[in-house]
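Given next are the chains, with one letter for each unit.
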Amino acid sequence: MRDICKTKCTFHHYNILVNFSMFSLVKNSIINRNILPLLLRRSCFVTIRSFSNTNTLYIEEKNKIIHEDKKDVISPALYAFAARMRLDFSDPKILLQAVTHKSFTNTNLPPNKRFKELGERAIELYITEYFHMKFPLLHTNYLEKIVNIYNGIGTLSTFGSEIGLKYVVRWNESTDLFSSSVEDQSESTDENEYLYESRKIFNKIGHVMAQTVQAIVGALYLDKGPNSAQKFVKDYLLSRDLDIQQLYDVKTPKKDLSALMRRLGREPPISRLLFEAGRLTKEPIFVIGVYSDTEKLAEGFGSSLKMAEFRATRNALLNYYFKEIKDFTLPSAIDTRQKQMSYIPTKVCDTPAS
Amino acid sequence: MTLTKTLIPKAKNGVGAFVFSCRKIEFNYCERSGSSYGMIKYLQNHLIPFAKINPQIEIVVTPRPSKHPIVTGTYMNLKQKQICVKNKNPDEIAEIVQLIRDNTGVSTKKRFKKPVISTTKSIRGIWSPFHTRPHLI
């Protein structure tokens, strides 16, 4: 049994964890006789976890085992995680460092803070660049909000729990390292509850997971280069679906639309009633279209004329500012001279800051 | 009211990269009972090739004395699926493990009632009486 404890760790490990009892009733149990030699022959790393606690001799053995236990051992869960996310670093210790939070002291590795700083900036860059190109006419404050959503603790911790990061991060729950603002943010209104995957994203493990995601991106940037980090951000974070138009918050759309038409040098907007039903009943419907000299900008429905006009003007503003570009080249994708020659930049946004 | 503090983009698995849904498979067997015989043969012969092909799944093997052998899959939505493989051949167990591997944690009942899950409600839009052509004689 001792020889098995000292099994050498090789580079390519299996994701197998074998539990066997220290003092099993059957001396030559099937697992000891058949499986372990197979594993040893392939120089697998076998984790020992005993499950029977009744034997007193076992307890002595267990205490001895703990002293021989190595620090910074890469668990099968971490190997499975690396394979799942298709991360292959040049040194497995890099990944181990990236998932080590600073609160975890039982290690010889430095924590993931440095990776996190780099990764956070890299994520911000790639997400900002993407939305900058995708929505060329968007106000800057909405662009900022979008980037904060994607790079925020909510998204990153939800993403972390979706990829199984909870079982891979190395951290310790200690109150002094986490600020009291964590508890303040944990309240969530009921109307927004459906937007959460689970309600427990703003607690400590959420913070740790968000930092770990940023650290992994940072580690990828350092180890494999910026293209690799960009691919990670694009594959996992930018593929997430966010309804941008939900963010639009406008109090006086009619006024804003008039100002916009004036700025663009077009005819002032006029609302025209397109369809209506049940005007004198309890539930009328009006459909109003907003026109700029025979060109229909947008239409909106409502149970009163004012409401319909509000919706119509708001939709007109949305159609303009939130216009989406489908095909574009990201500036960070220009890495050869040929691409540099053929790159056509988009028109710079002329929406004034609000 | 803006919802920036609480808005979280929805995950779309497969659009960018695919995150494999089965996180961990746990095998429990008994060393002495007869119902575990097939399971033991599976563990000896078929398990390691399976683990090689699926490096993204964490595999745990634990003896569980005096109980029937079971295979438990843990998924990314924190749900688990358990199948008892008592008195089964290694080939049948291999099929069952493949089933557990291919599964997501979504319950079969839910999946049966709502086979299509989509963020877009309809392709051609919801019908509106105001946008149909009026009937002409």
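Residues numbered from 1 in each chain as written. Chains lettered and ligands numbered in written order. Predicted model: local features only at pLDDT ≥ 70, side-chain atom pairs only at ≥ 80, totals over all residues. Heavy atoms only, no water.

An unreviewed UniProt entry annotates chain B as Large ribosomal subunit protein mL43 of Rhizophagus clarus. Within the UniProt record for chain B, the comment given under Sequence similarities (unreviewed entry) is "Belongs to the mitochondrion-specific ribosomal protein mL43 family." UniProt, in the comment section headed Subcellular location (unreviewed entry), describes chain B in these words: "Mitochondrion". (UniProt positions renumbered as here; feature names shortened; annotations may be inferred.)

Chain A is annotated in an unreviewed UniProt entry as Large ribosomal subunit protein mL44 from Rhizophagus clarus. UniProt, in the comment section headed Subcellular location (unreviewed entry), describes chain A in these words: "Mitochondrion". The Sequence similarities (unreviewed entry) field of the UniProt record for chain A holds the comment "Belongs to the ribonuclease III family. Mitochondrion-specific ribosomal protein mL44 subfamily."

Q: I keep staring at the pattern of salt bridges and nothing clicks. Help me out?
A: Should the charged atoms of two oppositely charged side chains come close, the side chains can pair. All names here are of chain A. In this structure the tally under the stated criterion is 17 salt bridges over all chains. Across the salt bridge formed by Asp 249 and Lys 251, the nearest N and O atoms sit 3.5 Å from each other. Taking the relative accessible area as the measure of exposure, Lys 251 reaches 64% and is therefore exposed. With a shortest N-O distance of 3.2 Å, Lys 254 and Glu 309 are connected by a salt bridge. Of this pair, Lys 254 sits in helix H12 (residues 253-264) while Glu 309 sits in helix H13 (residues 305-321); the two residues are 55 residues apart in sequence, bridging distant segments of the chain. Owing to a relative accessible area of 17%, Glu 309 belongs among the buried residues under this scheme. Salt bridges linked by common partners bring Lys 113, Lys 116, Glu 117, Glu 120 and Arg 121 together as one network. (Salt bridge = Lys/Arg side-chain N within 4 Å of Asp/Glu carboxyl O. Buried < 20%, exposed > 50% of the residue type's maximum accessible area, 1.4 Å probe, protein only. Helix = DSSP H or I, 4+ residues; strand = E, 2+ residues; numbered from the N terminus.)

Q: What is the right way to read the packing of helix H10 (residues 204-224) of chain A against helix H11 (residues 226-237) of chain A from this model?
A: For any two helices packed against each other, one specifies the inter-axial angle together with the distance between the axes. Residues and elements named next belong to chain A. Close contact between H10 and H11 brings their axes to 6 Å; oriented N to C, the two are set at 150°. When the axes of H10 and H11 are compared, the pair comes out roughly antiparallel. The segment H10 lies against H11, with Ile 216, Val 217, Leu 220, Tyr 221 and Lys 224 engaging Pro 226, Ser 228, Ala 229, Phe 232 and Val 233. Here the residues of the contact of H10 with H11 are counted per class, giving eight nonpolar, one polar and one charged. (Axes fitted to C-alpha atoms, helices over the stretch in contact; angles between N-to-C directions. Parallel < 35°, antiparallel > 145°, perpendicular 65-115°, else oblique. Contact = heavy atoms within 4.5 Å. Nonpolar A, V, L, I, M, F, W, Y, C, P; charged D, E, K, R; others polar.)

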